[in-house]
Structure formats: C-alpha cells, structure tokens
Amino acid sequence: MLADPSVGTMPAKINSALNRSSVMPLCPTILAEYADAILEPEWHRAAHAAEFMTVCFRAREEWRDRLRGAVHVDGTVRAQVLTRDVNPFFYDCIDEFRKVTGIPAVTNTSLNPHGWPIVTTVEQAVEMVIGGEIQPLLRSREVTVQEAGDVLLAHIDAAQASLIRDLCREHD
C-alpha cells in the first residue's frame with residue numbers, strides 16, 4: 001500500500017483503515033540516489049538492510065517535514081532504499097511520483113489488517129477496499145499520481161483490473 005509521504009495525517013488514516021495501532025510503522029521507500037540527501041550518513045553502515053525495511057535511520061532535518069507522513073516522532077524512518085535493478089516497476093512508479101511532487105519517496109506499508117496475513121490475491125485486495133476506508137486508484141501497468149489524495153497503486157494486469165472493476169460494481 002502506497003501513499004504520499006508529505007501528508008501528515010496519512011499514518012492515522014492508514015492505520016485506522018487497517019485497524020492497526022498508531023505505533024505500527026509506515027515506511028518511506030526512497031530512491032537510492034536520493035538516500036544520502038534524505039538520510040543521515042550512518043545509513044551506509046546498514047545499507048544492505050535498508051533494502052528490506054528492517055532498520056531505522058535518522059532523517060535529515062530538512063526532509064522531516066517533507067516526509068512527515070513517514071517520519072516517526074523521534075525523527076527516524078524505517079526506510080527501504082530502492083535501486084532500479086531490484087524492482088524496475090516500483091522504482092519507476094516512485095520516480096514518476098518524484099517528477100510530479102519533487103519527493104523521491106513514497107510511504108509504503110503492507111496491505112493487511114492488524115493480525116492478518118498480507119493480502120496476496122486480487123479478491124483479498126478488493127475485500128480490503130470494500131470493507132475499509134481505502135480509496136483505491138487502480139491502473140493496468142500505468143502510473144497515475146493523484147495530487148491531493150490517497151493513492152493505492154496496484155501492479156496488475158488487464159484481466160485483474162477487469163475483475164476488480166466487476167467486483168467493485170457488485171458492491172456499489
């Protein structure tokens with residue numbers, strides 16, 4: 001689940017929609033070539049772990065407000081630093097977001113309610129959307145950035161997009 005990291009109210013909104021406590025982490029996924037500008041230099045000591053969103057790093061002061069929807073109250077982030085070779089599609093999504101907003105990162109968290117496994121099927125994702133407060137934006141292999149709102153980008157093919165539209169219509 002992805003969202004605009006500059007929206008300070010996003011953590012509360014996402015955690016509420018997923019029935020999670022306010023201490024559940026929302027993490028920024030940061031394009032690798034911008035990590036030095038956003039994170040304090042010590043992030044290099046755990047650069048490999050940064051690929052897996054397992055370590056907290058201090059965000060540089062000048063980025064804390066710009067990433068207020070992903071920075072914890074103590075100024076840290078549990079960042080994922082992403083290179084294009086690891087996941088070209090996700091990297092390109094974030095890069096398109098950067099071109100529009102100037103922010104080379106997105107807020108990233110797993111799509112699952114508290115205590116439940118991570119969503120792994122289109123049907124489960126549709127149930128999450130129908131049963132929660134998540135407003136999805138689904139496109140087939142396209143990247144779209146909504147200037148002011150919540151964004152859920154799903155990497156889906158045309159058949160899955162059609163299935164999701166049909167399932168959503170059934171619940172209107």
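Cut-offs applied
Residues numbered from 1 in each chain as written. Predicted model: local features only at pLDDT ≥ 70, side-chain atom pairs only at ≥ 80, totals over all residues. Heavy atoms only, no water. Buried < 20%, exposed > 50% of the residue type's maximum accessible area, 1.4 Å probe, protein only. Helix = DSSP H or I, 4+ residues; strand = E, 2+ residues; numbered from the N terminus. Arc of directions from axis to C-beta. Expected span 1.5 Å × (residues − 1). Contact = heavy atoms within 4.5 Å. Pairing = 2+ DSSP bridges. Salt bridge = Lys/Arg side-chain N within 4 Å of Asp/Glu carboxyl O.

Student: How should I be thinking about helix H1 (residues 10–17) in this particular structure?
Tutor: Two residues of an α-helix separated by three or four positions point the same way, owing to the 3.6 residues in each turn. Residues of H1 that are buried include every one of Met10, Ile14, Asn15 and Ala17, and no others. Looking straight down H1, one finds that the buried residues subtend no more than 165° of arc, so they occupy a single side. Positive backbone phi, approximately 55°, marks asparagine 19, located one or two places after H1.

Student: What exactly am I supposed to notice about helix H5 (residues 88–101) here?
Tutor: Under the 1.5 Å per step criterion, the end-to-end length of H5 is 20 Å for 14 residues, consistent within 8% with the ideal 20 Å. Taken together, the buried positions of H5 are occupied by Phe90, Tyr91, Cys93, Ile94, Asp95 and Phe97. If you follow the buried residues of H5, they end up packed against strand S1 (2–3), strand S2 (27–31), strand S5 (80–82) and strand S6 (105–108). Two residues or fewer past H5, glycine 102 is found with a positive phi of approximately 80°.

Student: I'm lost on the sheet that holds S2 in this one. Help?
Tutor: Strand order in the open sheet formed by four strands is S1-S6-S2-S5, with mixed pairing between adjacent strands. Edge positions in the open sheet fall to S1 and S5, since each of these has one partner strand only. In the sheet, S1 pairs with S6 via two bridges, with the strands oriented antiparallel. Bridged to alanine 3 within S6 is threonine 107.

Student: Looking at this structure, I do not really get the environment of alanine 3. What am I missing?
Tutor: Along the chain, the position of alanine 3 falls in strand S1. When its relative accessible area of 5% is taken as the criterion, alanine 3 is described as buried.

Student: Please explain the pattern of salt bridges as it appears in this structure.
Tutor: Note that side chains of opposite charge can pair when their charged atoms are close. Per the counting criterion, the structure on display carries five salt bridges. Salt-bridge contacts for arginine 64 lead to glutamate 61; the nearest nitrogen and oxygen are separated by 3.0 Å. In this pair, arginine 64 and glutamate 61 are both assigned in helix H4 (residues 61–64), three residues apart and thus about one turn of the helix distant. Aspartate 65 is the partner of arginine 68 in a salt bridge, and the nearest nitrogen-oxygen pair spans 3.5 Å. Looking at aspartate 65, the relative accessible area reads 52%, which means it is exposed.

It is worth stressing that arrangement in space is one thing and function is another; only the former is reported here.
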